[in-house]
Amino acid sequence: MKKKKMMTGLLAAALCASLATPTLASNSPNGNLTNENQVYSIKGFTDHAEMVKRLQQIVQNSQGRVALEVAGQSNRGRDIYKARVGNGKKVILIESEIHGNEKTGTEALLNLLQYVGSSSSPEAEKIRKEITLVVLPKMNPDASELDRRGNDMSWDEVVEKFPQLKAAAKPAWNYYATGVRQERDYTGKPGFDVNRDFNPDLNYVPKAADFPGASSKPGWYITPESQTVRDVYKSLQKEFGKVDVFIDLHHQGQYYVEGTDDLVTMSLSAEFVPDPRTHEGARYANYSEGYNVEFSKQLNLAAYNALQSIGENSVFNNITLYQRNLDLPGTALGSFALNGSGTILFEVRGQSHTLGQKKKGQLVKAVETGLYGIINGVADGSVTHLNPDDYEKIPETAYAPSL
């Protein structure tokens, strides 16, 4: 039932909040994907060892166009890889699997690297000429191997690395030490939500007085995974002056296009902190000069338009805006937006443990299509001709279908 209209979206909550999966039936062509009585396999997704082999193959096939290096290590010593292709002045940085149970982004990035690095098509050549594309696939490999949101790290390990935190009254608020989250038990194997460990001050040093912190406050760069991303970002700033575009690839719960009974295929967002030029964002005033939410909206529109162009009444039309009125400076998106990058959030439907391989191809294609919309729009400059006000015309998200 297609009757999309603008209405109030999701209630404000933390970015990529804990999965909530409605069990209501749907007439949508992409169907209700979850069954609480079924265990879904994730063997169809690329694990860390397989990813390394695939990256090495991509480098070999590219005949020197794709450069691969280890950017850092996870807390358990797994390599975090950085792949780079293109020689353009416009810099696009993309990361996937900051949450280890959100796997489609990695598949899309591997396909993207293969095409941009090896194709002789005019499109690929244009991208390589205009863009320097840097990707961090599976940047939280410990979480990925555990198929869970949090990394694999204890508070004691943090304090060992940062002795000044012994004076902290409590561990960080984003520390999972006990209990079940998204069907994963952290008791005896704790970890952190790495996507709350960023800080717009890229040179921040952890201070005991800043703990335990809160969702609406910056993070601390206490995890090696966030430190790696921060260091890659800073190195690109040093080389190019700025990172033009930052894209973060995530998953969310099973939701609906507002005013319809259509399941959302993917949600987008350009806004992660209040505008520093407004009263609501006054505490970020020091970052107001570089902040450019209008450009972020244009980038999101480029992804949205690419998905809409696939065809009317397609599941790729079921694209919505993510939660509005967020204030999350501890996310990578919030921190890098304040540092002057155009920012885009992709949130495809379902975690890997709720979908397994079901609809994998469809969801990976949605991510790839949105990415090419952005990359091509930046490469040819067309993204800057989009009207940022049209961002508000993208349908919003609902928890339940319209009856």
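Preceding block: the structure.
Here we summarise the structure given alongside this text. Computed from a prediction, not measured in an experiment: that's the story for all the values here. (Residues numbered from 1 in each chain as written. Predicted model: local features only at pLDDT ≥ 70, side-chain atom pairs only at ≥ 80, totals over all residues. Heavy atoms only, no water.)

Now for the packing of aromatic side chains. Any two aromatic rings considered together are summarised by their centre-to-centre distance and by the angle between their planes. For the structure on display, the rule yields eleven aromatic pairs. When the centroid spacing of 3.9 Å and the interplanar angle of 5° are considered together, the rings of Y233 and F336 count as stacked. Note that Y233 is positioned in helix α6 (residues 224-240) and F336 in helix α8 (residues 332-338), a separation of 103 residues in sequence. Among the aromatic side chains, those forming a connected cluster through ring pairs are W155, Y175, F192, F211 and W220. One residue, R230, lies across the ring of Y221, its end atom 4.6 Å from the ring centre. One cation-aromatic arrangement involves K360 over F45; the distance from NZ or CZ to the ring centre is 5.5 Å. (Phe/Tyr/Trp six-rings, centres within 6.5 Å; stacked < 30°, edge-to-face > 60°. Helix = DSSP H or I, 4+ residues; strand = E, 2+ residues; numbered from the N terminus. Lys NZ or Arg CZ within 6 Å of the ring centre and 35° of its normal.)

At a minimum axis separation of 9 Å, helix α2 (residues 104-118) and helix α10 (residues 360-380) run at an interaxial angle of 55°. Classified by the angle between their axes, α2 and α10 sit oblique to one another. Crossing handedness for the pair α2 and α10: right-handed. Of the residues in α10, those touching α2 at T104, E107, A108, L109, N111, L112 and Y115 are K360, L363, V364, V367, E368, L371, Y372 and I375. For the contact of α2 with α10, the residue count by class is ten nonpolar, two polar and three charged. (Axes fitted to C-alpha atoms, helices over the stretch in contact; angles between N-to-C directions. Parallel < 35°, antiparallel > 145°, perpendicular 65-115°, else oblique. Left-handed = near helix turned anticlockwise from the far one by under 90°. Contact = heavy atoms within 4.5 Å. Nonpolar A, V, L, I, M, F, W, Y, C, P; charged D, E, K, R; others polar.)

What follows covers helix α3 (residues 122-130). Where α3 is concerned, the buried positions are A124, I127 and R128. One side of α3 carries all its buried residues, which in axial view fall inside an arc of 95°. Exposed and facing more than 90 degrees away from the buried side of α3 are P122 and K129. Elements that come into contact with the buried residues of α3 comprise β2 (79-85), α2, β4 (131-136) and α10. (Buried < 20%, exposed > 50% of the residue type's maximum accessible area, 1.4 Å probe, protein only. Arc of directions from axis to C-beta.)

Ranked by internal contacts, the top residues of the largest apolar core, which has 53 residues, are I94, I247, F346 and I374. Broken down by element, the residue count for this core peaks at ten residues, all from α10. The contact partners of I94, leaving out residues within four places of it in the chain, are L109, L112, L133, V134, V135, L136, I247, L249 and L371. Of all hydrophobic cores here, the second largest spans 25 residues; its members include I80, V134, V232 and F336. (Core = buried A, V, L, I, M, F, W, Y, C linked by side-chain atoms within 4.5 Å.)

Looking now at the sheet that holds strand β13 (residues 342-349). Here we have eight strands laid out as an open sheet, ordered β1-β2-β4-β3-β9-β13-β11-β12, and mixed in their pairing. Both edges of this open sheet fall to β1 (66-73) and β12 (319-321), since each of them pairs with a single strand only. In this sheet, adjacent strand axes meet at a mean angle of 20° when their direction is disregarded. Each of β3 (90-96), β4, β9 (245-252), β11 (266-269) and β13 touches α10; the most contacted strand, β13, lies at about 165° to it. (Pairing = 2+ DSSP bridges.)

Further remarks concern the layout of surface pockets. Taken as a whole, the second largest pocket encloses approximately 290 Å³ of empty space. Taken together, 15 residues make up the lining of the second largest pocket; nearest its centre are N199, P200, K217, P218 and R283. Broken down by class, the residue content of the lining of the second largest pocket amounts to six nonpolar, four polar and five charged. (1 Å grid on protein atoms, 1.4 Å probe; cavity = no way out; pocket = protein on both sides within 12 Å on 5 of 7 lines; lining within 4 Å. Points joined across faces, edges and corners; volume = space filled by probe spheres on them.)

Glancing now at the environment of A208. Take A208: it is sitting in the loop between β8 (191-192) and α6. Of the residues examined, A208 reaches a relative accessible area of 18% and is grouped as buried. In the structure, A208 is positioned 42 residues away from K166 in sequence and 7.4 Å away in space, judged by C-alpha atoms. Beyond its immediate sequence surroundings of up to four residues, A208 is in contact with Q164, L165, A167 and A168.

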